[in-house]
Amino acid sequence: METDISKLVIPRHVALILDGNGRWAKKRGLPRTAGHKQGCVTVEKTVEDAARLGIDYLTVYGFSTENWKRSVEEVGALMQLFRYYLKRLLKIARVNNVRVKMIGDRTRFDQDIIEGIDRLESETADNTGMTFVIAVNYGGRDEIRRAVKQMMRDAKSGILDPDAVTEDTVASYLDTAGIPDPDLLIRTSGEIRLSNYLLWQLAYSEIYITDCLWPDFNREELVKAIAQYNTRERRFGGAK
Ligand code: IPE
Ligand code: IPE
Ligand code: MG
């Protein structure tokens, strides 16, 4: 039975760990890269579905700081896909009035990719619809390390007073500065772990794990996760 969406509270920020591209391909006797290709098609559809559902922020984990450990072939194929989607996203973002932002350490990418990221961010900056955040070469620990480094530099140069550091100060040094914390985290493919994703930001997010492999994820799965989120009681440490 189709869920009545009008009765659901739509989470403001949904974070996604898109996992299972490799398993999806293996099940079909295809190379892992075929799973990544199909996974990109699913990302594109999910951006449109999320925007239409009224989600304000969608953050997806595309490539972790640990994913460089994969074979040269797989990393190379992922970079090629990334190149292609940087261009394609310009159009998708325009059509859907979506603002795109990348988090993670982009300095490790090839120059043309860095330029593609900069262009995508600047050309979509004035779009007023959903914000689509892509985590690439992203690791929660690396993000915190980079933030600490900058805070220490600023303290040393006198811009930042160590005694005045609040949680908001720390948040303002993270890649996600200005973006509210995720309300809902969805991970596909059944693994129950964070894999170094948004370690600071997920402190009070509701977690939803589905066995669905990422390339098979669709609007129905997204609505299911939101419906499950609607049954949760968020307490933030308080008591009733
Ligand atoms: C997620 O799918 C995509 C990336 C991490 C880039 P995987 O490639 O991790 O797929 P599995 O986990 O091997 O099935
Ligand atoms: C997490 O998936 C990273 C991304 C989805 C980009 P992984 O497949 O890399 O995570 P582990 O290795 O199973 O923890
Ligand atoms: Mg995986």
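For the structure itself, consult the block above.
Residues numbered from 1 in each chain as written. Chains lettered and ligands numbered in written order. Predicted model: local features only at pLDDT ≥ 70, side-chain atom pairs only at ≥ 80, totals over all residues. Heavy atoms only, no water.

1. So, the site of ligand 1
- In the neighbourhood of ligand 1, the contacting residues comprise Leu18, Asp19, Gly20, Asn21, Gly22, Arg23, Arg32, His36, Gly62, Asn67 and Arg70.
- At 2.8 Å from an oxygen atom of ligand 1 is found a side-chain nitrogen or oxygen belonging to Arg23.
- Within the side chain of Arg32, an N or O atom sits 2.9 Å from an oxygen atom of ligand 1.
- Here ligand 1 has 380 Å² of accessible area as a free molecule, and 88% of this is covered by the chains.
- Mapped onto the shell around ligand 1, the elements with two or more residues apiece are helix H1 (21-27) and helix H2 (32-53). (Near = heavy atom within 4 Å. Polar contact = N/O pair within 3.5 Å; in protein donor to acceptor, adjacent residues only side chain to side chain. Areas by Shrake-Rupley, 256 points an atom, 1.4 Å probe, with all protein chains shown as cover. Helix = DSSP H or I, 4+ residues; strand = E, 2+ residues; numbered from the N terminus.)

2. Examining the packing of H2 against helix H3 (residues 72-96)
- At a minimum axis separation of 11 Å, H2 and H3 run at an interaxial angle of 20 degrees. Put simply, H2 runs roughly parallel to H3. Regarding H2 and H3, the two cross each other, and that crossing is right-handed. Facing H2, whose interface residues are Arg32, Thr33, His36, Lys37, Cys40, Val41, Glu44, Glu48 and Arg52, H3 presents Glu74, Ala77, Leu78, Leu81, Tyr85, Arg88, Ile92 and Asn96.
- Residues belonging to the contact of H2 with H3 are distributed by class as follows: 7 nonpolar, 3 polar and 7 charged. (Axes fitted to C-alpha atoms, helices over the stretch in contact; angles between N-to-C directions. Parallel < 35°, antiparallel > 145°, perpendicular 65-115°, else oblique. Left-handed = near helix turned anticlockwise from the far one by under 90°. Contact = heavy atoms within 4.5 Å. Nonpolar A, V, L, I, M, F, W, Y, C, P; charged D, E, K, R; others polar.)

3. Focus: the nonpolar core
- Formed by 44 residues in total, the largest nonpolar core has its most connected members in Leu58, Met102, Phe132 and Ile186.
- Beyond its immediate chain neighbours, meaning those up to four positions away, Phe132 contacts Val43, Val47, Leu58, Val60, Leu89, Val98, Arg99, Val100 and Lys101.
- Counting residues in hydrophobic clusters, the runner-up holds 13 residues, among them Ala135, Tyr138, Ile179 and Leu202. (Core = buried A, V, L, I, M, F, W, Y, C linked by side-chain atoms within 4.5 Å. Buried < 20%, exposed > 50% of the residue type's maximum accessible area, 1.4 Å probe, protein only.)

4. A look at the pairing of strand S3 (residues 99-103)
- Where S3 lies against strand S4 (residues 131-138), 5 bridges are found, and the strand directions are parallel. Residue pairing in the sheet places Val100 in a bridge with Phe132 of S4.
- Crossover handedness for the path S3 to helix H4 (residues 111-124) to S4: left-handed. (Pairing = 2+ DSSP bridges. Right-handed = clockwise from strand over helix to strand, strands pointing away.)

5. As for the site of ligand 2
- Inspection of the region around ligand 2 gives Ile17, Leu18, Asp19, Tyr61, Gly62, Phe63, Ser64, Asn67, Arg70, Arg187, Arg193 and Ser195 as its neighbouring residues.
- One of the side-chain N or O atoms of Asp19 is found 3.2 Å from an oxygen atom in ligand 2.
- Taking Arg187, its side chain carries an N or O atom lying 3.4 Å from an oxygen atom of ligand 2.
- Protein chains shield 79% of the accessible area of ligand 2, which is 390 Å² for the free molecule.

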